[in-house]
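If you want the building blocks of each chain, they are given just below.
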Amino acid sequence: MKLWVPTLAIMLCHILTGTASVATRYLVTVLDPVEVAFMRYLLGGFSMLPLFFLFRTSRLTKILSLKIAGLGALFFALFPFMFSWGFVYTSAARGSLVLATMPIWAMLISKAIGHESINKNSLIAIGLSLLGLTVALSDKLMMISGEEIIFKGEVIMLLTAIIGGIYATFARQVLKEVPASMFTPLAMLSGCLCLLPFSVANGIGDHVVALTTVEKGLMLYLGVIAGGLAFFLLNWVLNKSTATFTTIFVTLNPITAIILGYLFLGEVIELNFVIGVVIVFIGLGFVMRSHPRDHRHEIDAA
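What counts and what doesn't
- Residues numbered from 1 in each chain as written.
- Predicted model: local features only at pLDDT ≥ 70, side-chain atom pairs only at ≥ 80, totals over all residues.
- Heavy atoms only, no water.
- Helix = DSSP H or I, 4+ residues; strand = E, 2+ residues; numbered from the N terminus.
- Contact = heavy atoms within 4.5 Å.
- Areas by Shrake-Rupley, 256 points an atom, 1.4 Å probe, with all protein chains shown as cover.
- Core = buried A, V, L, I, M, F, W, Y, C linked by side-chain atoms within 4.5 Å.
- Buried < 20%, exposed > 50% of the residue type's maximum accessible area, 1.4 Å probe, protein only.
- Expected span 1.5 Å × (residues − 1).
- Bend = angle between axes of the 7 residues up to and from the residue.
- Polar contact = N/O pair within 3.5 Å; in protein donor to acceptor, adjacent residues only side chain to side chain.
- Phe/Tyr/Trp six-rings, centres within 6.5 Å; stacked < 30°, edge-to-face > 60°.
- Patch = residues over 30% accessible without salt bridge, like charges linked within 9 Å, V, L, I, M, F, W, Y side chains within 5 Å.
- Salt bridge = Lys/Arg side-chain N within 4 Å of Asp/Glu carboxyl O.
- pLDDT = per-residue confidence, 0-100.

## Regarding the overall build of the protein chain
- Helices and strands together make up the secondary structure of the protein chain, namely 14 helices and zero strands.
- In sequence order, the secondary structure elements of the protein chain are arranged as α-α-α-α-α-α-α-α-α-α-α-α-α-α.
- Considering only contacts in the protein chain between residues 6 or more positions apart, those separated by 24 or more positions represent 90%.
- Within the structure as shown, the protein chain displays about 13,400 Å² of accessible surface, and the carbon and sulfur contribution to it stands at 70%.

## Re the nonpolar core
- One finds Phe76, Tyr167, Phe183, Leu222, Phe231 and Leu234 to be the most contacted residues of the largest nonpolar core, which totals 72 residues.
- In this structure Phe231 touches Thr17, Arg40, Tyr41, Phe75, Phe76, Thr184, Met188 and Ala226, once residues within four positions along its chain are discounted.
- With five residues, the next largest nonpolar core counts Ile104, Met107, Ile126 and Phe286 among its residues.

## Section: helix H10 (residues 213–238)
- Spanning 26 residues, H10 covers 35 Å between terminal C-alpha atoms, matching the ideal 38 Å at 1.5 Å per step.
- Along its length, H10 shows its largest kink, about 30°, at Leu222.

## A word on the side chain of Thr184
- Checked against the element boundaries, Thr184 lands in helix H8 (residues 180–201).
- Of the residues examined, Thr184 reaches a relative accessible area of 0% and is grouped as buried.
- Here the side chain of Thr184 touches Asn235 through a polar contact of 2.9 Å, side chain to side chain.

## Considerations on the environment of Ala69
- Summarising the element assignment, Ala69 is placed in helix H3 (residues 62–89).
- Linking Ala69 and Met188, residues 119 residues apart in sequence, is a C-alpha distance of 8.6 Å.

## A word on the environment of Leu159
- Position of Leu159 relative to the elements: it lies in helix H7 (residues 152–174).
- Of the residues examined, Leu159 reaches a relative accessible area of 44% and is grouped as partly exposed.
- Placed 60 residues apart in sequence, Leu159 and Leu99 show a C-alpha to C-alpha distance of 8.8 Å.

## As for the packing of aromatic side chains
- This structure, assessed with the given rule, holds twelve aromatic pairs.
- Between Phe76 and Tyr167 the ring centres are 6.1 Å apart and the planes differ by 75°, which places this aromatic pair in the edge-to-face class. Of the two residues, Phe76 is situated in helix H3 and Tyr167 in helix H7; the sequence distance between them amounts to 91 residues.

## Observations regarding a nonpolar patch on the surface
- There is a patch of nonpolar side chains on the surface, built from Ile255, Ile259, Tyr262, Leu263, Phe264, Ile269, Leu271, Val274, Ile275, Val278 and Ile282 and spanning about 1,100 Å² of accessible area.
- Sorting the residues of the nonpolar patch by element identifies helix H12 (252–264) and helix H13 (271–289) as the ones contributing at least two each.
- Its relative accessible area of 39% is what places Ile275 among the partly exposed residues.

## Side note on the confidence of the model for the protein chain
- Summary statistics for the protein chain give a mean pLDDT of 81 and a share of 86% for residues scoring 70 or more.
- Note on residues 292–302: pLDDT is under 50 here. Beyond four places in sequence and across chains, it has 17 contacts.

Laid out in structure tokens, this is it:
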């Protein structure tokens, strides 16, 4: 398979998740974070079910089913809840920037379990990414927020990025045995089952009914396009490449979020934030340089 095919697929995935950052930032003002997470992946999971039946194979064993359910609980229950919760306390642009550290954590986790190595470029990338985050959030260092926790949203999003790195590393192993067309809806719906009790307790039925037509349309987009389609593409590329390469393109998330946040949410773009983004991108570029041979080898072998 040509290298540009999965590259374009993962670029589209992370552009869509960039739009999800802005949509989530808006929807958490009318729904609880757990309700946004539940609805996104309920809609996404059901929208992907036709692919499950069209490309179903006999390779889905009980053990594989349990692995998919576990990964679904991690990435489609805990991850989206943390994702939505983080945007209660931070902007779409800042939250997306912190989330862009996901390839760093994927690389470190892969190294810890012996899947990838960390070289000089990788160490430089980690340093530059941390420096970039410090510069981008430097205006918050002088904030006095009373009893509120400074950086609360950013800390939540950092934990979310680590969860994403764990998922990318371990899901890739399962995707070697189960196609993305089967894996994606099963994982999404498993995550929804975990969120269901909390959503029902919050009275999600009444809350969804009370949404305006525009808000319902935004939720449908968040679930089907920025949920089902985006994460099908992520899982498909995970089966073709390394976890680090796949998550590197999450850098497109903050770019999309910055543009949309500025246009539709009235968010201000400060100079220090722009400088920080550039530094982070340079750092992640070093990550990409450190894995080109492994990446190309796996693409060619697919």
